[in-house]
Amino acid sequence: MAIRLPIQFAERMKKMLGDEYEQFVKSYESAPRAGIRVNTLKIDPASFAEISPFPLKPIPWCETGYYIPAGSKPGLTPYYHAGLYYVQEPSAMAPVELLEAKPGDHVLDLCAAPGGKSTQIAAHLKGSGVLVTNDISTDRTKALAKNIEMYGVRNAVVLNESPERIADAFPHYFDKILIDAPCSGEGMFRKDEDMVRQWEHHSIERCVLMQRDILDTAARLLAPGGRIVYSTCTFAPEENEAMIGEFLRQNPSFRVVPIRNVSGISGGHPEWIEQAAAEEQFEGLQIEPVSQEEHPDLYAQLQGTGRLWPHLVEGEGHFVAVLQHDGTPLDKPADQPLYVHSTVEKEAAHGRNIKSKKQKHNEKHGGAKHRNRSDQMPMDAELVFRSFVAEQLSVDLPGQTVLYGEKVYQTPTQPERLAGLRVIRAGWFMGSVKNGRFTPSQALASALNAEEVKRSVQLITESGEAVKYLKGDTLELDEDRLVKSGTASPKGYTLVTVNGHSVGWAKWQDGRLKNEYPAGWRWTSV
């Protein structure tokens, strides 16, 4: 069924697209395409193709992305719960591919929730380097943290912060920055009809002000020679070419990397900035038009940005620009962080591993009974955790072990950088130490494989036992089903896998596999 587009929106698009407008409008009569992206932290695309529950058709701009048939219900398979793929709108996969993150990079996903692009970045990093993934909405960081954990990411920090406060803590630290900017959402009308209803009440002007601030702050976060990819899911030139034109005027050390020979991605339209300015669409936004005669270089750069159109590709509407820094030295080196001091929540960065103001005062005046160096856990908690690792795991843990309250993390960055920030996850969440015992987390299980634990069991999808486990059931299981390392006892924490891919913990005892799969993650649909 065709979508009823807002009249003001339709009139503007008709002026912008001209002869293409009828084809554009006709695209709204078609259902949006469904897509998945294979999580290469857990499985390669060829291996997934052999076990895929549905037919796969490659997405041109993402080598791990695939179209799936309508009605496939990709969220209702054990492989989804095992984190083998992420359900993602096809056009939304393009920005991360253009970011070109590689192992060892320091990468920031600045507006990250619910986490699809962050998990895509993590796959490119292959467990090496640092991923800081952030969202300013506290509620949205819940989904962000869960997706980071579900997809087996070991080297990510999850923040709930403003860009400005991150810039204070990480000045010129990141090699790559993704800005999936908050926008008016015009490109999502076909996918989410609620966006149509919200559009008339969703101010483009308000979005422009946020986008301007985010881009300005991103320049403070980027290391010399680094790359920023800016993307939106809107058609409005005010939020797209105009934002990039303004940024380039104010930041001459950046240039647009032209998007060439990427199937399905069309060029930018700087002429729409001048057209909109002439019609006073930019009134109050302080946006300057870009004339080809007066600004030939800037005009050509903006033509090198990219747009994905619903009438030209099998996907929704997106804009993307690749901004490359020229390597000019910046004011403050990345290894000299500025520290931010503020009141933070219980799980924020004033954990035992980081010296708070009170700790520093006590250390100076001799008033602290237990003084912990900023790079150490309390000895008793560390012994409990290390004992678990030695007895239960066969893995070299990445990063630095830190304790925040009762929770143990392997953080990929210097813990001191997180002081004063609202930290949702300080790194790979290992588990909790309480009353002298360590309880492993679901995040630990999700990122491990069977070769990295002393005890595992494989459940088979065809038998139905995998779904029973994912629903929280206790399973009857003979001891000979357990795969044990060396002389390991059958009792204790056991990594549960689905056809060889980790999904969670259980404890085996006397022929029964006690379920440790968390309630909030369980399979709830029939």
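Q: An account of the side chain of T413 is needed here, citing residue identities and associated values.
A: Looking at the element boundaries, T413 is found in the loop between β15 (407–411) and β16 (423–425). Separated by 3.1 Å, the side chains of T413 and Y173 make a polar contact. Within the structure, T413 has its side chain in polar contact with the side chain of Q414 (distance 3.0 Å). When sequence neighbours within four positions are dropped, the list of residues in contact with T413 reads V130, V157, F170, Y173 and L418.

Q: Before we move on, can you summarise the packing of aromatic side chains with the specific residues and values?
A: One pass over the full model with this rule turns up 26 aromatic pairs. Between F9 and F235, the aromatic rings sit 6.3 Å apart at their centres with planes inclined by 35°, giving tilted as the arrangement. Of this pair, F9 sits in helix α1 (residues 7–17) while F235 sits in the loop between β9 (222–232) and α11 (241–250), placing them 226 residues apart in sequence. Of the two residues examined, F9 and F235, each falls in the buried class.

Q: I'd like to hear about the pairing of strand β23 (residues 501–509), residue by residue, with values.
A: In terms of burial, β23 is largely enclosed, as 7 of its 9 residues are buried. Bridging between strand β22 (residues 492–498) and β23 involves 7 bridges; their strand directions are antiparallel. From the neighbouring strand, T494 faces β23, where its bridge partner is A506. Counting the residues in the hairpin turn of β22 and β23 gives 2 residues, including N499, whose phi is positive at 50°. One ladder, built from 4 bridges, connects β23 with strand β24 (residues 512–515); its direction is antiparallel.

Q: Can you explain the sheet that holds β24? Please cite residues and give values.
A: A sheet is described by the order of its strands in space; here 6 strands give the open sequence β20-β24-β23-β22-β19-β21, paired in mixed fashion. Two strands close off the open sheet at either side, each with one partner strand: β20 (475–476) and β21 (482–484). Here strand β19 (residues 455–459) runs beside β21; their pairing, made up of 3 bridges, is antiparallel. Opposite S456, over in β21, you have V483 as the bridge partner.

Q: Help me get a handle on helix α12 (residues 271–278), residues and values and all.
A: For α12, the set of buried residues is W272, I273 and A276. Buried residues along α12 cover an arc of 105° about the axis, so they all sit on one side. Where the residues of α12 are buried, they touch α1, α11, α13 (296–303) and β12 (306–308).

Calculation notes
- Residues numbered from 1 in each chain as written.
- Predicted model: local features only at pLDDT ≥ 70, side-chain atom pairs only at ≥ 80, totals over all residues.
- Heavy atoms only, no water.
- Helix = DSSP H or I, 4+ residues; strand = E, 2+ residues; numbered from the N terminus.
- Polar contact = N/O pair within 3.5 Å; in protein donor to acceptor, adjacent residues only side chain to side chain.
- Contact = heavy atoms within 4.5 Å.
- Phe/Tyr/Trp six-rings, centres within 6.5 Å; stacked < 30°, edge-to-face > 60°.
- Buried < 20%, exposed > 50% of the residue type's maximum accessible area, 1.4 Å probe, protein only.
- Pairing = 2+ DSSP bridges.
- Arc of directions from axis to C-beta.

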